[in-house]
Amino acid sequence: MAIGYTWDCKTCDTYPSKSGKSNVVYNVHWRLTATDDTNKDSEGEYWTAEVYGSQAVSTDDLSSFKNWSSLTNADVQGWVETALTADTVTAMKASLDAVIAEKVSPTSVTKTLSS
């Protein structure tokens with residue numbers, strides 16, 4: 001099973017004005033989605049799992065400030081991954097992998113009797 005990961009870091013809280021800059025990002029609402037490109041569910045869709053959260057980003061040093069209109073998802077993803085740390089991102093991906101593995105080959109199934 002090959003699992004790919006997609007970050008959505010497009011929703012941000014901003015300060016309208018800070019230190020002479022406009023729309024300064026200080027918090028990111030992120031979502032990390034894992035998709036198994038090998039195994040499909042009963043409806044023919046690839047198995048997925050996701051985790052989401054919000055991450056504060058420092059606004060102490062605005063020397064490398066990038067205008068809101070120039071920001072990309074990849075830019076903000078980099079900030080989030082740095083703030084979360086590589087170990088945390090690795091752990092989140094491993095957890096998502098485990099969720100998908102459990103969906104593909106469940107170790108427990110809940111059933112209901114008909115009467």
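Predicted, not measured: the structure shown is a model, and the values here were computed from it.

J.: Go over the overall build of the protein with me, naming the residues and quoting the values.
T.: Per the secondary structure count, the protein includes two helices and three strands. Going residue by residue from the N terminus, the α and β elements of the protein occur as β-β-β-α-α. Computed over C-alpha atoms, the radius of gyration of the protein comes to 19 Å, more than 25% over the 13 Å expected from 2.2 N^0.38 for 115 residues, which places it beyond the range of a compact globule. Across its three principal directions, the C-alpha atoms of the protein cover 70 × 30 × 25 Å.

J.: Could you give me a rundown of unusual backbone geometry, with the residues and numbers involved?
T.: At N23, a position not held by glycine, the phi torsion is positive, near 55°. With respect to the secondary-structure elements, N23 resides in strand β2 (residues 21-40). The partly exposed category is assigned to N23, whose relative accessible area is 34%. Its identity is not glycine, yet T85 carries a phi of approximately 85°, on the positive side. Mapping T85 onto the fold places it in the loop between α1 (73-84) and α2 (86-104).

J.: Residue-level account of the pairing of strand β3 (residues 46-56), with values.
T.: Sheet topology note: the β2/β3 ladder contains 10 bridges and is antiparallel. What sits directly across from R31, in β3, is Y52. Linking β2 to β3, which pair antiparallel, is a turn of five residues; within it G44 sits at a positive phi near 85°.

J.: Quick one: what's the story with the state of the cysteines, residue by residue and with numbers?
T.: For the coordinates displayed, the defined rule picks out zero disulfides. Between C12, a cysteine without a disulfide, and C9, which holds the nearest cysteine sulfur, the sulfur-to-sulfur distance is 7.6 Å.

J.: Which residues make up the sheet that holds β3, and what values do they have?
T.: If you trace the three strands from one edge of the open sheet to the other, you get β1-β2-β3, paired in antiparallel fashion. This sheet does not close on itself; its edge strands, each paired only once, are β1 (3-18) and β3. The average undirected angle you get between the axes of adjacent strands in this sheet is 15°. Sheet topology places β1 next to β2; 13 bridges connect them, and they run antiparallel. Along β2, the bridge assignment pairs W7 with L32. Sitting on the sheet, α1 is in contact with β1, β2 and β3, with an inclination near 95° to β1. Lying over the sheet, α2 contacts β1, β2 and β3, oriented at roughly 150° with respect to β3.

Each value, and the rule that gives it
- Residues numbered from 1 in each chain as written.
- Predicted model: local features only at pLDDT ≥ 70, side-chain atom pairs only at ≥ 80, totals over all residues.
- Heavy atoms only, no water.
- Helix = DSSP H or I, 4+ residues; strand = E, 2+ residues; numbered from the N terminus.
- Rg over C-alpha atoms; globule rule 2.2 N^0.38 Å.
- Buried < 20%, exposed > 50% of the residue type's maximum accessible area, 1.4 Å probe, protein only.
- Pairing = 2+ DSSP bridges.
- Disulfide = S-S within 2.5 Å.
- Axes fitted to C-alpha atoms, helices over the stretch in contact; angles between N-to-C directions.
- Contact = heavy atoms within 4.5 Å.

Bear in mind that shape data such as this cannot, by itself, settle questions of function.
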